[in-house]
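Residues per chain are reported as follows:
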Protein chains: 2
Amino acid sequence: MCDTCGCQLNPEHAQDSRVVEINRSLLAANQELAEKNRSHMEQMGAVAINLISSPGAGKTTLLEKTIEALGERYRIGVIEGDIETERDAERIRAKGVPAVQLTTGGACHLDAALVHKGIHQLQHQLADKRLDLIFIENVGNLVCPATFYLGEHKRVVMVSVPEGSDKPAKYPRAFIGSDLFIITKTDLLPYFDFSIEEASGAAKALNPKIETICLSAPTGDGMDEWMKFLAGLVNR
Amino acid sequence: MCDTCGCQLNPEHAQDSRVVEINRSLLAANQELAEKNRSHMEQMGAVAINLISSPGAGKTTLLEKTIEALGERYRIGVIEGDIETERDAERIRAKGVPAVQLTTGGACHLDAALVHKGIHQLQHQLADKRLDLIFIENVGNLVCPATFYLGEHKRVVMVSVPEGSDKPAKYPRAFIGSDLFIITKTDLLPYFDFSIEEASGAAKALNPKIETICLSAPTGDGMDEWMKFLAGLVNR
């Protein structure tokens, strides 16, 4: 009990078991539906990639550059997640590939149910229902998206140079669950106290299997490695 | 029902009423405890400010600069929220003011119960139990912290230039509930396609009472306005 304000109420503890139980059942339902998303996307011939980062780390810009580089070679589709606005899907459609916008109406992450709708909407835009690559751009948030499996084959976590190299240590779950770590906006390294060694080392300590790519969309540095990563998935 | 994979399960709808009910009761308990936090901090003589932004927007750096400028004039205390690590509290203590680190153990926001503990820990570090200003640095996340009132007197939302000027439109709740919008890292404006007009205009459209300050920690631009904002709170 608090001796200054006399408060005995602690919502964390009082409600804990109820909340834990509900969360468990929601996550189990999410997992089941995510497995269906995965086989649904496989039926379309597609490999799916879930992109996770803070707002403004450069997810949409990376997708624009990826479509410019690979849009002729692969059939690409994009599912955009945002709390509000159609902006990101409009940016992608301007590059000539099918894109659907999912708005979460306040929720801080995509879940499998919402992505399930997105897959259907995407399929409606396709004549032959086939794709090679589906990118799922999650809501800008380094925390909660890490908890929700969407049915993706690979998960990519991104941190931009201006955010700081302490981010893997501070937001471990996003790195533990990812296959690839992309450090973006590396053209800004001269202006920031960002250590690639610290960031990639911390990511590796959390998840020995994670690979790191350093990338700059304006200069094109690192795009080759990213292209190789994608080609390795499509040509499995 | 989904006609391709035959799925009837939609966790969003099936569990909706249970989840809504639990959320409502948790938020009500949070609100009650936040009011106690507020009167507790007022008994200490303090005005409390809740800082909300994405990871890496510069919350801790702004606090360091604020302490350098005002640490002699006001008694300042800091409550740091992070998912993991003691780093931010260590940075603040190095500036000579009391700081406590709250780690949320995975949660993406501070809540009133956790801040309640933080207030007590902060008080233990003070000889006379008095402070003028308490800064509560929330977990780096532009989404969920906006939903949880902690007992603060003022809420400040920050977006850095590298994140992009579309952030108020994309993350409206953080702006609707805030008193001040700080655009940080304005020394980087030459390197980014960031429109101060777009960002501050969108914030104002969401919340006509919100003021915008453009600030650069390295150059010191905008620090005067921030100091005036703080002085106006302490000398009410």
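Refer to the preceding data block for the structure.
Residues numbered from 1 in each chain as written. Chains lettered and ligands numbered in written order. Predicted model: local features only at pLDDT ≥ 70, side-chain atom pairs only at ≥ 80, totals over all residues. Heavy atoms only, no water.

Re the interface of chain A and chain B
- Counting residues at the interface gives 61 residues for chain A, matched by 61 residues for chain B.
- Interface area, chain A with chain B, both sides summed: about 4900 Å², of which 63% is carbon and sulfur.
- Interface area lost by chain A to chain B is led by Ile22, Pro55 and Lys170 of chain A, which between them contribute 12%.
- A salt bridge links Arg87 of chain A to Glu198 of chain B; its shortest N-O distance comes to 3.2 Å.
- Inspection of the chain A/chain B interface yields eight residue pairs in polar contact (both at pLDDT 80 or more).
- Listed by contribution, the elements that provide at least two residues to the side of chain A that touches chain B are α1 (11-14), α2 (16-43), α4 (87-93), α5 (112-124), α6 (167-170) and α7 (172-176) of chain A. (Contact = heavy atoms within 4.5 Å. Buried area = accessible area lost by both parts, 1.4 Å probe. Salt bridge = Lys/Arg side-chain N within 4 Å of Asp/Glu carboxyl O. Polar contact = N/O pair within 3.5 Å; in protein donor to acceptor, adjacent residues only side chain to side chain. Helix = DSSP H or I, 4+ residues; strand = E, 2+ residues; numbered from the N terminus.)

Re the relation of the copies chain A and chain B
- Under the fitted operation, chain A is carried onto chain B by 0.0 Å of movement along the axis and a turn of 180°, and the coordinates agree to an RMSD of 0.0 Å. Expressed as a symmetry operation, the mapping of one chain copy onto the other fits a two-fold axis. (Least-squares fit on C-alpha atoms with pLDDT ≥ 70 in both.)

Describing the nonpolar core
- Among the nonpolar cores identified, the biggest contains 44 residues, and Phe175 and Phe181 of chain A together with Phe175 and Phe181 of chain B are the most heavily contacted of them.
- Those elements that place two or more of their residues in this core are β5 (154-160), α7, β6 (180-184) and α8 (196-206) of chain A together with β5 (154-160), α7 (172-176), β6 (180-184) and α8 (196-206) of chain B.
- Phe181 of chain B has contacts with Val157, Val159, Pro168, Phe175, Ala199, Ser200, Ala203, Ile210, Glu211, Thr212 and Ile213 of chain B, leaving out every residue within four places of it along the chain.
- Of all hydrophobic cores here, the second largest spans 29 residues; its members include Val78, Val97, Met158 and Leu233 of chain B. (Core = buried A, V, L, I, M, F, W, Y, C linked by side-chain atoms within 4.5 Å. Buried < 20%, exposed > 50% of the residue type's maximum accessible area, 1.4 Å probe, protein only.)

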